[in-house]
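Notes for the structure review
So you can see what is in the structure, the chains are spelled out below.
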Amino acid sequence: MMNEFRYTFVTEGSSDKALMPILTWLLRENGIQMAIQPEWADLGEVRFSEKVNLAAKIRESIRLYPCDLLYVHRDADKFSREKRKEEILEAISIAENDIHVPSAVCVVPIRMQEAWLLIDEQAIRYAAGNRNGRHKLDMPPIHKLESLADPKILLHDLLKVASGFKGRRLKRFNSNQSHAVQRIASYIEDFSILRNLPAFSALEAELVDEISQFLSV
């Protein structure tokens, strides 16, 4: 009988770790009751013997961070979710030539991961370090998140406003803004509103299929 569930998150960059509370929440929502052990695949010290591509990153992530489930992230950017999913599945197929790949799920926000963090005004205020701030934050409606031209810029602008800083203090805040982004999801308890987004719903549906085997263990 399993007493813990391990997942590894393969990302495009370190900033994408901000999605991990969402991924853990999804597992809890869909029946994983045992202890969850999440790992971000930090490959910064890996010396790749060939060109660093997604297949190589998946292979090394599994080698360094063995898991029950592999989440593989790519922002859709200007492409469709289906196109990015094809790229991920192809990379997994290539990696399987060298290593056993566990159950895997594609994480593909439209257009980029910051869109999924634009759902909770108070969490943004907390992450900006000014939870009692009164500056107005122009939050986008949920149905427009997947059509935003640049969710990253919008999120960063909202954090600046929420901080209440000006002058030198704002400049210092800007230089450490990535840390604020990382904190946002940790201040959100319920991500169910994201189910209104097709890309998120597709992620959850795929996850349910992949973890069904663990629910009967």
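Everything numeric here is computed off the predicted structure, so don't read it as measured data.

Let us look at the overall build of the protein. Scanning the protein from terminus to terminus reveals 8 helices and 4 strands. Helices (α) and strands (β) of the protein occur, in sequence order from the N terminus, as β-α-β-α-β-α-β-α-α-α-α-α. Taken over C-alpha atoms, the radius of gyration comes to 18 Å for the protein, in line with the 17 Å a tight globule of 217 residues would show. Taken over the C-alpha atoms alone, the protein extends approximately 55 × 40 × 30 Å along its principal axes. When the accessible surface of the protein is split by element, carbon and sulfur atoms take 48% of a total near 11,400 Å². Side chains of the protein carry 29 positive and 31 negative charges; the gap between the two charge centres is 11 Å.

Here Glu-204 shows up in helix H8 (residues 198-215). Taking relative accessible area as the criterion, Glu-204 reaches 10% and is therefore assigned buried. Contact partners of Glu-204, with chain neighbours within four places excluded, come to Leu-26, Asn-30 and Arg-195.

Moving on, we come to the nonpolar core. In this structure, Tyr-7, Leu-27, Tyr-71, Trp-116 and Leu-159 are the most contacted members of the largest nonpolar core, which totals 70 residues. Contact partners of Leu-27, with chain neighbours within four places excluded, come to Phe-5, Tyr-7, Ile-32, Ile-36, Leu-69, Tyr-71, Leu-207 and Ile-211.

All right, on to the environment of Ile-184 then. Position of Ile-184 among the secondary structure elements: in helix H7 (residues 177-184). A residue is classified by how much of its surface remains accessible, and Ile-184, at 0% relative accessible area, is buried. For the pair Ile-184 and Ala-18, spaced 166 residues apart in sequence, the C-alpha to C-alpha distance is 7.5 Å. Residues within four places of Ile-184 in sequence aside, it is in contact with Leu-117, Ala-123, Ile-124, Ala-127, Leu-155 and Leu-159.

About the criteria used
By convention here, each chain's residues receive numbers from 1 onward along its written sequence. Reporting of local features is limited, given that this is a predicted model, to residues whose pLDDT is at least 70; pairs of side-chain atoms are given and counted only at 80 or more, and all residues count toward the totals for whole chains, interfaces and linings. Water and hydrogen atoms play no part in the side-chain values, which are based on all heavy atoms of the structure. To qualify as a helix, a DSSP run of H or I must reach at least 4 residues; to qualify as a strand, a run of E must reach at least 2; elements of each kind are numbered from the N terminus. What the globule rule says is 2.2 Å times the number of residues to the power 0.38, and the radius of gyration is computed from C-alpha atoms. To measure how exposed things are, a 1.4 Å probe is used in the Shrake-Rupley method; for residues, cover is taken only from the protein chains shown. We treat Lys and Arg as the positive residues and Asp and Glu as the negative residues; His and chain ends play no part in the count. To locate a charge, the coordinates of NZ of Lys, CZ of Arg, CG of Asp or CD of Glu are taken. Burial status follows relative accessibility: with a 1.4 Å probe on protein chains alone, a residue under 20% of its type maximum counts as buried, one over 50% as exposed, and anything between as partly exposed. We call two residues contacting when some pair of their heavy atoms lies within 4.5 Å. To qualify as a nonpolar core, a set must consist of buried Ala, Val, Leu, Ile, Met, Phe, Trp, Tyr and Cys residues joined through side-chain atoms within 4.5 Å.

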